[in-house]
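Each chain is listed here by its residues.
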Amino acid sequence: MILNEMNGAASIEDVLALTLEALRDAKARMRPVFGQERVAASAGRFLETLLGNEPRKTGWMRAEAAGDPGPWRQQALLGRGHWDADALRDVVRDHVVEHLGDTDAVLVVDETGFLKKGSASCGAGRQYTGSAGKITNCQIGVFAAYVSDKGHAFLDRALYLPKAWAEKPERLAAAHVPGDVQFASKPSLATAMIGRALAADVPFRWVAGDSVYGVGELEMALRRASRGYVLGVNANHHFHSWRPDVCWAGEAREIVDTLPDAAWVRCSAGRGTKGERLYDWLYCPMADLEASEYSDTSTGTWTRGLLVRRNPSDGDLAYFTTWCPQGTPLETLVRVEGTRWRIEEGFETAKNEFGLDHNETRSWHGWHRHVSLVMLAYAMMAAVRSQANAMALKKSQLHKRGRLSAGQSRKFDASP
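Residues numbered from 1 in each chain as written. Predicted model: local features only at pLDDT ≥ 70, side-chain atom pairs only at ≥ 80, totals over all residues. Heavy atoms only, no water.

Asks: Help me out: how do you make sense of the overall build of the chain in this one?
Replies: In terms of regular secondary structure, the chain is built from 13 helices and 12 strands. Counting only residues that meet the buried cut, the chain has 52% of its 416 residues in that class. The contacts in the chain between residues at least 6 apart in sequence include a share of 65% that link residues at least 24 apart. Carbon together with sulfur atoms contributes 51% to the accessible area of the chain, which is approximately 19,900 Å² in total. (Helix = DSSP H or I, 4+ residues; strand = E, 2+ residues; numbered from the N terminus. Buried < 20%, exposed > 50% of the residue type's maximum accessible area, 1.4 Å probe, protein only. Contact = heavy atoms within 4.5 Å. Areas by Shrake-Rupley, 256 points an atom, 1.4 Å probe, with all protein chains shown as cover.)

Asks: Explain the pattern of salt bridges to me, please; I cannot follow it from the model alone.
Replies: Should their charged atoms come close, side chains of opposite charge can pair. Summed over all chains, the structure comprises 24 salt bridges. Across the salt bridge formed by aspartate 280 and arginine 266, the nearest N and O atoms sit 2.8 Å from each other. Taken together, the residues span a long stretch of sequence, with aspartate 280 in strand β10 (residues 275-290) and arginine 266 in strand β9 (residues 265-272) at a distance of 14 residues. Look at aspartate 280 and you get buried, because its relative accessible area is 8%. Each of the salt bridges in this network shares a partner with another, and the network as a whole consists of Asp86, Arg89, Asp90, Arg93, Asp94, Asp156, Arg157 and Arg196. (Salt bridge = Lys/Arg side-chain N within 4 Å of Asp/Glu carboxyl O.)

Asks: What is the right way to read the packing of helix α1 (residues 12-30) against helix α2 (residues 37-50) from this model?
Replies: Each pair of packed helices gets described by two things: the angle between the helix axes and the distance between those axes. Taken N-terminus to C-terminus, the directions of α1 and α2 make an angle of 145°; their axes are 10 Å apart at the nearest point. The handedness of the crossing between α1 and α2 is right-handed. Mapping the contact onto sequence places Leu23, Ala26, Lys27 and Met30 in α1 and Ala43, Gly44, Leu47 and Glu48 in α2. Each residue belonging to the contact of α1 with α2 can be placed in one class, and the counts come to five nonpolar, one polar and two charged. (Axes fitted to C-alpha atoms, helices over the stretch in contact; angles between N-to-C directions. Left-handed = near helix turned anticlockwise from the far one by under 90°. Nonpolar A, V, L, I, M, F, W, Y, C, P; charged D, E, K, R; others polar.)

Asks: For this particular structure, what's the right way to read the environment of cysteine 267?
Replies: Residue position: cysteine 267 is located in strand β9. With relative accessibility at 11%, the residue cysteine 267 sits in the buried group. Sequence separation of cysteine 267 and arginine 335 is 68 residues, and the distance between their C-alpha atoms is 9.3 Å. Apart from the residues lying within four places of it in its own chain, the contact partners of cysteine 267 are Arg277, Leu278, Tyr279, Trp281, Glu331 and Val334.

Asks: Whenever I open this one, the pairing of strand β6 (residues 228-233) confuses me. Can you help?
Replies: Looking along a regular strand, one sees side chains alternate from face to face of the sheet. With respect to burial, β6 is a largely interior element, six of its six residues being buried. Of the two faces of β6, the one lined by Gly228, Val230 and Gly232 and the one lined by Tyr229, Leu231 and Val233 are each fully buried. In the sheet, strand β5 (residues 206-209) pairs with β6 via four bridges, with the strands oriented parallel. The residue of β6 that forms the bridge with valine 207 is tyrosine 229. Once the chain exits β5 it traverses helix α9 (residues 217-224) before rejoining the sheet at β6, and the crossover so formed is right-handed. In terms of strand pairing, β6 meets strand β12 (residues 317-325) through five bridges, oriented antiparallel. Considered in β12, the bridge of valine 233 is made with tyrosine 319. (Pairing = 2+ DSSP bridges. Right-handed = clockwise from strand over helix to strand, strands pointing away.)

Here you go:
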């Protein structure tokens, strides 16, 4: 579970007290989203059931855990109720920034699949999802996660509508898709999320993502916003250097083949569940450009480059396009790329522990409401983990000081 990352020194009583206080705080934060008290109370019970130990968070199981005679209140909250899921999304964002905010944070954009059996659920259709590793019938959700040294949580989300949906008004109407929603690619959805984060003054310095998001509008939006990035690209992505001392031109894999083995540097992408994640890395700075070429408010020199990761065990290569202030060390770019696994971990935890993929509604609003409530539950426990770790660290420091003081006293007492 998300609390497994605590350093272990916080007591069960401390964690329980923090969790109860966090639940009260989360309910108070989301109360203005709901017009009626009974709807807010239903949302509070929904949040409580997401934190429960039930292996499935279905409507009937949530209802049973909440003490309701049936799933009707749960269904009404997600479907027939009148409240704005985007307002709750903003509540989640503010919660995450308050507890995990850091100017050096990374926004990670990625997608995950929600397997479906029929075609009536909004956005459902045969499409590729990395969750299953194949083309299957599913919904696709695009997400942005916030990652800092204090923790990580989801910041934003959007349901992807394939063209087979976006081009059929009757399907959109049946799923209650708002009239102003049109087809948007996954990079466009991610770019909109980054735009919302910038507009809300969310503190972050970097953006990371896989090859779906590594080319085009997302890159330019980040350059205009003076935010660095490490974004995946395909092996055949073309690079061209503008440096006077070296000329690299061609596909990423072709450039790598021209470089000596001594150019590779072994470096950790951060600690994982099994220790340091060590890979070999190659960095090729391609061009130094003025930030003023992209932004009217930014100055300074930024570097566009190619970053390559090699798995020491099998030699598998992954390629990334980078944008960073001139002089940024390789270790920093590696750290940013290494944050991408946090969102994958977040998807796994949110599905297994908080029922992210247990949504039984078929409408546009139902998907966004369910996902936003899960995001709040996840953010709440991420804050508890951060607070518990800080509490444990403080106790550990006090304990060390106490041992040191006691040792000094015994030493002084033994002195002649």
